[in-house]
Amino acid sequence: MTVNGEKRLTKLSFKFGTIDWEMAMVKQYELLKNAGVWRAFINGYSKNGFVVFDEEKLSREELLEKLKELEPEVVGEEHLTVAELLESSHSWGNILGRMES
């Protein structure tokens, strides 16, 4: 499978009302099983997180419905390409190694 590096994704950042570490772990796992979700991080201790998803495969409304029991509040939104997401996923060691080459 090949993916166009210029494909547009949406990143929503959240604050959650009702959440604990166990609920956060379960919900994050459920989200990551969805083919439309590229990245998901939900922190049950700090009650925040983010989801990077493809709105062509998973609508914003569907995503918010899946998070409904956590009482999500969208606190940030940005759009990025697949290439930008991959670049931001590199560890500092990988980035520094490429800079020295």
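The coordinates are above.
Reference entry: report on the structure contained in this document. Note that the coordinates shown come from a computational prediction; the quantities given were computed from them, not determined experimentally. Residue numbers restart at each chain and count upward from 1, following the sequence in its written direction. Given that this is a predicted model, residues contribute local features only at a pLDDT of at least 70 and side-chain atom pairs are listed and counted only at 80 or more, while totals for whole chains, interfaces and linings are drawn from all residues. In computing side-chain values, all of the structure's heavy atoms are included and hydrogens and water are not.

To continue, consider the overall build of the protein. Across its full length, the protein holds four helices and four strands. The helix and strand sequence of the protein, counted from the amino end, reads β-α-β-β-α-β-α-α. Any residue under 20% of the maximum accessible area for its type is buried, any over 50% is exposed, and the rest in between are partly exposed; the area is computed with a 1.4 Å probe on protein chains only. Classification of the 101 residues of the protein by burial places 28% in the buried group. Looking at the protein alone, contacts between residues at least 24 apart form 70% of all its contacts between residues at least 6 apart. By definition, any uninterrupted DSSP run of H or I lasting at least four residues is a helix, any uninterrupted run of E lasting at least two residues is a strand, and each is numbered from the N terminus. Residue contacts are defined here by distance: any two heavy atoms, one from each residue, within 4.5 Å place the two residues in contact.

Moving on, we get to the side chain of Lys 27. Residue placement: Lys 27 occurs in helix α1 (residues 21-32). Given a relative accessible area of 7%, Lys 27 falls into the buried group. Side-chain atoms alone can form a polar contact between residues adjacent in sequence; in general such a contact is a pair of N or O atoms within 3.5 Å, and within protein one must be able to donate a hydrogen while the other accepts it. For Lys 27, the side chain forms a polar contact with the side chain of Glu 69, separated by 3.1 Å. Setting aside chain neighbours within four positions, we find Lys 27 in contact with Ile 42, Lys 66, Leu 67, Glu 69 and Leu 70.

Ranked by size, the top nonpolar core spans 15 residues in total, and within it Phe 14, Leu 31, Ile 42, Val 51, Phe 53, Leu 63 and Leu 67 carry the most contacts. Counting residues per element, the ones that place at least two in this core are β1 (8-16), α1, β2 (37-43) and β3 (48-53). Apart from the residues within four sequence positions on either side, Val 51 is in contact with Thr 10, Lys 11, Leu 12, Phe 14, Leu 31, Val 37, Arg 39, Ala 40 and Leu 63. The nonpolar core is taken to be a set of buried Ala, Val, Leu, Ile, Met, Phe, Trp, Tyr and Cys residues, with the residues joined through side-chain atoms within 4.5 Å. Core analysis: the next-biggest nonpolar cluster, separate from the first, contains five residues, Leu 9, Val 52, Val 82 and Leu 85 among them.

A separate point is a nonpolar patch on the surface. Nonpolar side chains collect at one region of the surface, where Trp 21, Met 25 and Tyr 45 lie side by side and expose about 420 Å² of accessible area between them. Relative to the elements of secondary structure, Trp 21 occurs in helix α1. Its relative accessible area of 46% is what places Trp 21 among the partly exposed residues. Here, patches come from residues exposed beyond 30% relative accessible area and free of salt bridges, joined within 9 Å for like charges and within 5 Å for nonpolar side chains (Val, Leu, Ile, Met, Phe, Trp, Tyr). Accessible surface area values rest on a Shrake-Rupley calculation with a 1.4 Å probe, where residue burial reflects the displayed protein chains alone. For salt bridges, the criterion is a side-chain nitrogen of Lys or Arg within 4 Å of an Asp or Glu carboxyl oxygen.

Along the polypeptide, Glu 84 turns up in helix α3 (residues 82-89). Using a relative accessible area of 44% as the deciding quantity, one classes Glu 84 as partly exposed. Spatially, the C-alpha atoms of Glu 84 and Leu 9 are 9.7 Å apart, while their sequence positions differ by 75 residues.

What follows deals with the sheet that holds β2. Reading across the sheet, the four strands line up as β2-β3-β1-β4 and stay open at both edges, with antiparallel pairing between neighbours. Two strands lie at the open edges of the sheet, namely β2 and β4 (72-81), each paired on one side alone. Along the sheet, successive strands turn relative to each other by an average axial angle of 15°, direction set aside. Along the sheet, α1 contacts β2 and β3; its crossing angle with β2, the most-contacted strand, is approximately 175°. Two strands qualify as a pair provided DSSP detects at least 2 bridges between them. Every axis in this analysis is a line fitted to C-alpha atoms, fitted for helices over the stretch in contact. Angles between the N-to-C directions lie between 0 and 180 degrees.

Phi at Lys 47 is positive, roughly 60°, even though this residue is not glycine. In this structure, Glu 71 takes a positive phi of about 55° despite not being glycine. Checked against the element boundaries, Glu 71 lands in the loop between α2 (60-66) and β4. Among the residues examined, Glu 71 registers a relative accessible area of 47% and is labelled partly exposed.

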